[in-house]
Amino acid sequence: MNGKPINIDSLADIRDVVIDTSLPVPEKKLSYISQIKNPELYRCDDTIVRISHVNTGVSFADRFKQYLLSKQGMTLT
């Protein structure tokens, strides 16, 4: 954290993000980024959400897949 105060009104609210599911994946990603502006700092109602990560050598995409599979009782191999 850089210590600067955050104006919550300047952050995109994730509840306002709408993705057209008929779009191809690359266009969905672009749509999300253009709406959320900063995927590492946004808000959900009155809560500021700050995403950070540690470089473990495993990509976010692989971790996310692992999470989704774990919800189905499966593992990523």
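Residues numbered from 1 in each chain as written. Predicted model: local features only at pLDDT ≥ 70, side-chain atom pairs only at ≥ 80, totals over all residues. Heavy atoms only, no water.

Undergrad: Tell me about the overall build of the protein chain, and please be specific about residues and values.
TA: When you go through the protein chain residue by residue, the secondary structure sums to two helices and two strands. Each helix and strand of the protein chain, placed in order from N terminus to C terminus, yields the pattern α-β-β-α. Relative to its length of 77 residues, the protein chain is extended, with a C-alpha radius of gyration of 15 Å against a globular reference of 11 Å. For the protein chain, the C-alpha atoms occupy an extent of roughly 40 × 35 × 20 Å along the three principal directions. In the protein chain, which comprises 77 residues, the proportion classed as buried is 12%. Considering only residue pairs separated by 6 or more positions, the protein chain has 41% of its internal contacts joining residues 24 or more positions apart. Accessible surface for the protein chain amounts to roughly 6500 Å². Of this, 56% is attributable to carbon and sulfur atoms. In the protein chain, the 10 positive side-chain charges and the 9 negative ones have mean positions that sit 7 Å from each other. (Helix = DSSP H or I, 4+ residues; strand = E, 2+ residues; numbered from the N terminus. Rg over C-alpha atoms; globule rule 2.2 N^0.38 Å. Buried < 20%, exposed > 50% of the residue type's maximum accessible area, 1.4 Å probe, protein only. Contact = heavy atoms within 4.5 Å. Areas by Shrake-Rupley, 256 points an atom, 1.4 Å probe, with all protein chains shown as cover. Lys, Arg positive; Asp, Glu negative; His and termini not counted. Charge placed at Lys NZ, Arg CZ, Asp CG, Glu CD.)

Undergrad: Tell me what's going on with the confidence of the model for the protein chain, and back it up with residues and numbers.
TA: Per-residue confidence for the protein chain averages 87 on the pLDDT scale, and 94% of its residues sit at or above 70. Across the protein chain, the element-wise mean pLDDT spans from 81 in helix α2 (residues 60–71) up to 96 in strand β1 (residues 41–44). (pLDDT = per-residue confidence, 0-100.)

Undergrad: Summarise the pattern of salt bridges; cite the residues concerned and give the values.
TA: Counting across every chain of the model gives two salt bridges. We note a salt bridge from R15 to D13, for which the minimum N-O separation is 2.6 Å. A salt bridge links D45 to R15; the shortest N-O distance between them is 3.5 Å. Of this pair, D45 sits in the loop between β1 and β2 (47–50) while R15 is found in the segment before α1 (25–36), placing the two residues 30 residues apart along the sequence. Where salt bridges share partners, they join D13, R15 and D45 into one cluster. (Salt bridge = Lys/Arg side-chain N within 4 Å of Asp/Glu carboxyl O.)

Undergrad: Break down a nonpolar patch on the surface for me, citing the residues and quoting the values.
TA: Taken together, F60, F64, Y67 and L68 make up a surface patch of nonpolar side chains, about 460 Å² in accessible area. Of note, F64 is situated in helix α2. Judged by relative accessible area, which is 42%, F64 ranks as partly exposed. (Patch = residues over 30% accessible without salt bridge, like charges linked within 9 Å, V, L, I, M, F, W, Y side chains within 5 Å.)

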